[in-house]
Amino acid sequence: MKKLALILSLAGFSAFAAENLIKNGDFEKPELESWSHGQTLSDGSKAFTVIEKDGSKVLRCTGDEKSPKNNFITLTQYINPPLKADTAYTIEAKITPKVNYRSGKTFRICIRQANAKNQTLKYFPQMVARLTDKETKTHRFRFTPEKDAAKFYIYVWCSNIASSDEILVDDIKLYPVENE
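Residues numbered from 1 in each chain as written. Predicted model: local features only at pLDDT ≥ 70, side-chain atom pairs only at ≥ 80, totals over all residues. Heavy atoms only, no water.

Colleague: Could you clarify how one ought to interpret the overall build of the protein chain in this entry?
Modeller: Helix and strand counts for the protein chain stand at one helix and nine strands. Along the chain direction, N to C, the helices and strands of the protein chain fall in the order α-β-β-β-β-β-β-β-β-β. Looking at the protein chain as a whole, 42% of its 180 residues are labelled buried. Sequence separation of 24 or more characterises 75% of the internal contacts of the protein chain that already satisfy a separation of 6 or more. Within the structure as shown, the protein chain displays about 10,300 Å² of accessible surface, and the carbon and sulfur contribution to it stands at 50%. (Helix = DSSP H or I, 4+ residues; strand = E, 2+ residues; numbered from the N terminus. Buried < 20%, exposed > 50% of the residue type's maximum accessible area, 1.4 Å probe, protein only. Contact = heavy atoms within 4.5 Å. Areas by Shrake-Rupley, 256 points an atom, 1.4 Å probe, with all protein chains shown as cover.)

Colleague: What is the right way to read the packing of aromatic side chains from this model?
Modeller: Enumeration according to the criterion identifies eight aromatic pairs in this entry. Between Y78 and Y153, the aromatic rings sit 5.2 Å apart at their centres with planes inclined by 55°, giving tilted as the arrangement. With a gap of 75 residues between them, Y78 in strand β3 (residues 73–78) and Y153 in strand β8 (residues 151–159) connect regions that are remote in the sequence. It is R108 that lies over the ring of W157; its NZ or CZ is 4.7 Å from the centre. (Phe/Tyr/Trp six-rings, centres within 6.5 Å; stacked < 30°, edge-to-face > 60°. Lys NZ or Arg CZ within 6 Å of the ring centre and 35° of its normal.)

Spelled out as structure tokens, the structure:
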């Protein structure tokens, strides 16, 4: 395999894609390994769970209209190593919304950029999924981090999602853009 990679590299081909900086972004490892979340729904279940779909695991997000925190249900991960301010990055994810009555409901994936004291500089980019979509779509967004940012967190963020709704997410990736 190493010889093949070397041959392809010498021929000008990249044998391997850039490394994904998101750990367990395919959700194949047990129970949200590498992710942090604390929201429990009013019935005691979790807002984010991993389920089986078409032979692989995906993240399932649902809400709780009875909860006062339903507007900010998050799943987060600290990104280490930190992103570089002089490098462009692409963030992407496959998203399947299964949402009834969409007014006021949002789903986004964003990067929280913070300074060395962990004070938020901005939540950017904000990749917002169209909840009117009926099929799985790959969403992509390219960005360059703030020059003063020292810490980075990815947020999977649901807002005002009902308990009867679900949003399925898979293959969250964050990688540097090469050759720019």
